[in-house]
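# Inside the fold
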Protein chains: 2
Amino acid sequence: MRAVFYIASRSSDGARPGIREIAENINSPGHFLAKILQKLSKEGIICSVKGPNGGFYIEPQGLKRPLADIITALEGNEIFTGCAMGLSYCSESNPCPLHHEFKQVRNRLTQMLYNTSIGAFKQELLDGALTLNK
Amino acid sequence: MRAVFYIASRSSDGARPGIREIAENINSPGHFLAKILQKLSKEGIICSVKGPNGGFYIEPQGLKRPLADIITALEGNEIFTGCAMGLSYCSESNPCPLHHEFKQVRNRLTQMLYNTSIGAFKQELLDGALTLNK
DNA sequence: TTAATAAAGGACAAAAATGTCTTTTATTTG
DNA sequence: CAAATAAAAGACATTTTTGTCCTTTATTAA
């Protein structure tokens, strides 16, 4: 789950890096990465091409999608909706003591992840160190 | 890890509920609860008395401690310090693209958990539904 | 002082998350 | 079309987290 954004930043700029190349650059077990990429491509976040010279890439429109989409695809959306204390009964109509205050924090996080596109994140990475080895 | 705050809210008001009593009221496996309570009592957040009529309680001064202490005791403080993306290289001097913005969100959460005492949380629970069965 | 009670502690078991390996399928290039 | 390449897919292994059980130790009350 860690190695998510690396793909995003690498796979673009026209090229189509393969699993091995990506794995080396982000310092992650290749076979494990493969599974994650499979999920992401099934969810339509990244695209893949089989065969020689194949690999992964992201379409221009895909770069516009928010980081939140990646999280949702990989881990579901509990982060965006769950209670701070993990209380199952907690809801808008039956809030736990921290519910309202926490909701603000959570909403801000949600906003942040929805307002930051994969492309923007990538751009900042390229501008900076690009140290993605975990 | 879920069943944390329940103890806090129950064990006070002079009584010393035992594991069984607590477990039933919060709908959690008793033996598992026991381990959590052990940790918390080792950390000095709750107190325990062995023998007949023994059980768990929290001293008045303990009620003043922030919720954050419970979290730290049980899960460490990565929540309060870690990077949103789980990037190990991310730090103040080498920030990831979301670092600064996320830090604000995280600090707000931290503040919230430090400003809310166990006692205050308990009070709100007693005032409200007190539905703590998970 | 002894019997009953209840937490402490450690060993063990199950489930989930993480990671590895092998086979299959699709694509491209010669 | 054949061979090589690379992702897809699923089986399998390891590790971590979560949960259970049993024995020991401390305390209280009769």
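For the structure, see preceding data.
Bear in mind the structure is a predicted one, so any value in this text is a computation, not a measurement.

### Describing the environment of Leu87(A)
Mapped onto the fold, Leu87(A) is located in the loop between helix H6 (78-81) and helix H7 (99-115). C-alpha of Leu87(A) to C-alpha of Gly51(A): the two residues are 36 residues apart in sequence and 48 Å apart in space. Residues within four places of Leu87(A) in sequence aside, it is in contact with Cys96(A) and Tyr6(B).

### Focus on the protein's contact with DNA strand C
Around DNA strand C, a shell composed of 24 residues is seen, among which Pro29(A), Phe32(A), Lys35(A), Gly18(B) and Ser48(B) lie nearest. Atoms of DNA strand C within 4 Å of the protein: sugar and phosphate make up 61%, bases the balance. With respect to DNA strand C, the backbone of Ile19(B) contributes an N or O atom lying 3.0 Å from a phosphate oxygen. Only helix H3 (30-42) of chain A together with helix H3 (30-42), strand E1 (47-49) and strand E2 (55-57) of chain B provide two or more residues apiece to the surface near DNA strand C. Top contributing element to the surface near DNA strand C by residue count: H3(B), with 4 residues. Classifying every residue of the surface near DNA strand C by side-chain character gives 8 nonpolar, 10 polar and 6 charged.

### A closer look at the side chain of Arg106(B)
Residues and elements named next belong to chain B. Its place among the elements puts Arg-106 in helix H7 (residues 99-115). The side chain of Arg-106 is buried and forms no salt bridge, while Glu-92, the nearest opposite charge, is found at 6.1 Å. Only 2.9 Å separates the side chain of Arg-106 from the backbone oxygen of Thr-81, close enough to count as a polar contact.

### Here's the deal with the relation of the copies chain A and chain B
Least-squares fitting of chain A to chain B yields an RMSD of 0.1 Å, with the transformation described by 0.1 Å of translation along the axis and a rotation of 180 degrees. What the superposition gives is, in effect, a two-fold axis relating one chain to the other. If distances are taken from each C-alpha of chain A to the rotation axis, the shortest is found for Val105(A), at 3.1 Å. When the interface residues of chain A are mapped onto chain B, 100% of them again fall at the interface, so both copies present the same face.

What counts and how
Residues numbered from 1 in each chain as written. Chains lettered and ligands numbered in written order. Predicted model: local features only at pLDDT ≥ 70, side-chain atom pairs only at ≥ 80, totals over all residues. Heavy atoms only, no water. Helix = DSSP H or I, 4+ residues; strand = E, 2+ residues; numbered from the N terminus. Contact = heavy atoms within 4.5 Å. Near = heavy atom within 4 Å. Polar contact = N/O pair within 3.5 Å; in protein donor to acceptor, adjacent residues only side chain to side chain. Nonpolar A, V, L, I, M, F, W, Y, C, P; charged D, E, K, R; others polar. Buried < 20%, exposed > 50% of the residue type's maximum accessible area, 1.4 Å probe, protein only. Lys, Arg positive; Asp, Glu negative; His and termini not counted. Salt bridge = Lys/Arg side-chain N within 4 Å of Asp/Glu carboxyl O. Least-squares fit on C-alpha atoms with pLDDT ≥ 70 in both.

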